Amino acid sequence: MFSHETALKRGNWVKLICGASNEDLTSITDLCAIYAAAGVHCIDVAADVAVVSAARKGLKWVEAKFGQKPWLMISVSDGTDIHFRKASFDPQICPKECSKPCIKVCPTNAIHENNGIVKDLCYGCGRCLPACPLQLIKETNNILEIKDFGNVISQTKPDAVEIHTAPGRIKTFESCLQSILQSKVKLKRIAVSCGLEAHGINKYQLSKELWSRHDCLRRYKQKPIWQLDGRPMSGDIGIGTSRAAISLLLKMRSIAPPGPLQLAGGTNEQTIQHLNSDNGLAGIAFGGIARKLIQPFLIEAKAKNKALTEWPEGWDQALKIAKRLVNPWLNNQNSMNY
Ligand code: SF4
Ligand code: SF4
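Colleague: A description of the overall build of the chain should follow, citing residues and the corresponding values.
Modeller: Helix and strand counts for the chain come out as 11 helices and 12 strands. Over its C-alpha trace the chain gives a radius of gyration of 20 Å, about what one expects of a compact globule, namely 20 Å for 338 residues. Counting only C-alpha atoms, the chain reaches 70 × 50 × 35 Å along its principal axes. Here the chain holds 338 residues, and the buried ones make up 45% of them.

Colleague: Can you break down the site of ligand 1 residue by residue, with the values?
Modeller: Among the 14 residues in the neighbourhood of ligand 1, the closest are listed as Ala87, Cys106, Cys122, Cys125 and Cys128. Tallied by class, residues from the shell around ligand 1 come to 10 nonpolar, three polar and one charged.

Colleague: Hey, could you go over the nonpolar core for me, with residue numbers and the actual values?
Modeller: In globular proteins that are soluble, nonpolar side chains generally tend to be buried together. One finds Cys32, Ile34, Tyr35, Ile43 and Ala55 to be the most contacted residues of the largest nonpolar core, which totals 94 residues. For this core, the element with the most residues is helix H2 (residues 25-38), which contributes nine residues. Formed jointly, this core draws a minimum of three residues from each of two domains, domain 1 (4-82 + 149-330) and domain 2 (84-142). Aside from chain neighbours lying at most four places away, what touches Ile34 is Ile294, Leu308, Ala318, Leu319 and Ala322.

Colleague: Describe unusual backbone geometry, naming the residues involved and giving the relevant values.
Modeller: Among all residues except glycine, the phi angle is most often negative; among peptide bonds, the trans geometry is most common. Non-glycine residue Lys157 carries a positive phi angle of around 45°. Take Lys157: it is sitting in the loop between helix H6 (149-156) and strand S8 (160-164). Phi at Lys184 takes a positive value of approximately 65°, unusual for a residue other than glycine. Within the fold, Lys184 resides in the loop between helix H7 (170-182) and strand S9 (189-194). Overall, Lys184 belongs to the exposed group, with 8 C-beta atoms counted inside 10 Å.

Colleague: Could you give an account of H2, with specific residues and numbers?
Modeller: If you check H2, its first and last C-alpha atoms are 20 Å apart, about what 14 residues at 1.5 Å a residue would give, namely 20 Å. In the stretch just after H2, Gly39 is the one whose phi turns positive, near 110°.

Colleague: Mind laying out the domain arrangement of the chain, listing which residues take part and the relevant values?
Modeller: Interfaces are often described in size by the accessible area the parts lose on coming together. Assigned domains within the chain: domain 1 (4-82 + 149-330) and domain 2 (84-142). Residue-level contacts link nine residues of domain 1 with 10 residues of domain 2. With three residues, helix H3 (residues 49-66) is the single largest residue contributor to the side of domain 1 that touches domain 2. Among the residues forming the side of domain 1 that touches domain 2, the class breakdown is five nonpolar, two polar and two charged.

Colleague: Give a detailed account of the packing of helix H10 (residues 288-303) against helix H11 (residues 312-330), specifying residues and quantitative values.
Modeller: Packing of H10 against H11 leaves a shortest axis separation of 10 Å and a crossing angle of 175°. Considering their axes alone, H10 and H11 lie roughly antiparallel with respect to each other. Residues Ile289, Ala290, Leu293, Ile294, Phe297, Glu300 and Ala301 of H10 form the contact with H11, whose participating residues are Gly314, Gln317, Ala318, Ile321, Ala322 and Leu325. Looking at the contact of H10 with H11, its residues break down into 10 nonpolar, two polar and one charged.

About the cut-offs
Residues numbered from 1 in each chain as written. Chains lettered and ligands numbered in written order. Predicted model: local features only at pLDDT ≥ 70, side-chain atom pairs only at ≥ 80, totals over all residues. Helix = DSSP H or I, 4+ residues; strand = E, 2+ residues; numbered from the N terminus. Rg over C-alpha atoms; globule rule 2.2 N^0.38 Å. Buried ≥ 20, exposed ≤ 12 C-beta atoms within 10 Å, placed from the backbone. Near = placed C-beta within 6 Å. Nonpolar A, V, L, I, M, F, W, Y, C, P; charged D, E, K, R; others polar. Core = buried A, V, L, I, M, F, W, Y, C linked by C-beta atoms within 7 Å. Domains from an automatic or database assignment. Contact = placed C-beta atoms within 7 Å. Expected span 1.5 Å × (residues − 1). Axes fitted to C-alpha atoms, helices over the stretch in contact; angles between N-to-C directions. Parallel < 35°, antiparallel > 145°, perpendicular 65-115°, else oblique.

What follows is the structure, given as structure tokens:
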């Protein structure tokens, strides 16, 4: 495996988008572990303390066993489109005689006898909601506000951060960056994620938006990665999505600001076959497809009441499949010049 920065230069960079928060934490740990062992350079997770801890658990396991250490990246948005579900209730109104089934079902021990739910430990799995016979537990959307980014970065200490941006949001992009940098955590890269679809803009407008982010990052002495989102969601893996991702690259590569260009959104096993060798790409991110390939093993491990890392046969098979997705990129012969 090339080092992270070398991979960006050689066009071999591979990132796993692990993403959403409302999932089983064991699955997040396993998914991160499998792709870290398969050789990805970066794992991108939601900006949620519980999710980051689960990801780190998988990464530590892989580092101890295989010596691989991908960057941990956390994703934030300069808009209001990152939502995390959290559960909450007021313990003062619980009847004293309640046997507290909510505490027993919570996989992260987020529910404490007298204090209710500890927000940082809750990752919104929803198990406690039906467990309460009095339906006292409610779910709320927990919007991570820009002013809180620095705090989350201080707590999670990622290697890199990704800012999801959209046209017309340069002012909030800068506020977002300021909040992130308040943490004083030294970041190796700041990825900027944006695409054309869903925004109704053309390639020149997108280029202008990215150049304004470039100027902003330079002012704050930060190094970028430009993540071009072929499709707005990384989970979009249907037929034709690969073409959408590549078409965006072809439109943008000569008019994007300097720095590594990385594809995401709609990327899958076919993406590499549609690219010429001098494609100008620094790398790729896999989201939905990476999870889909490993999901049967995650489900089977769960049925065995084990983590995938504790089930050697399942681990070996899942790792082979993950490598099949990742290896063509790790072995890609392509040289960047940015
Ligand atoms: S069981 Fe409830 S408190 Fe525990 S993580 Fe799931 S949603 Fe949060
Ligand atoms: S199950 Fe419901 S009533 Fe009982 S302690 Fe939990 S939230 Fe309170």
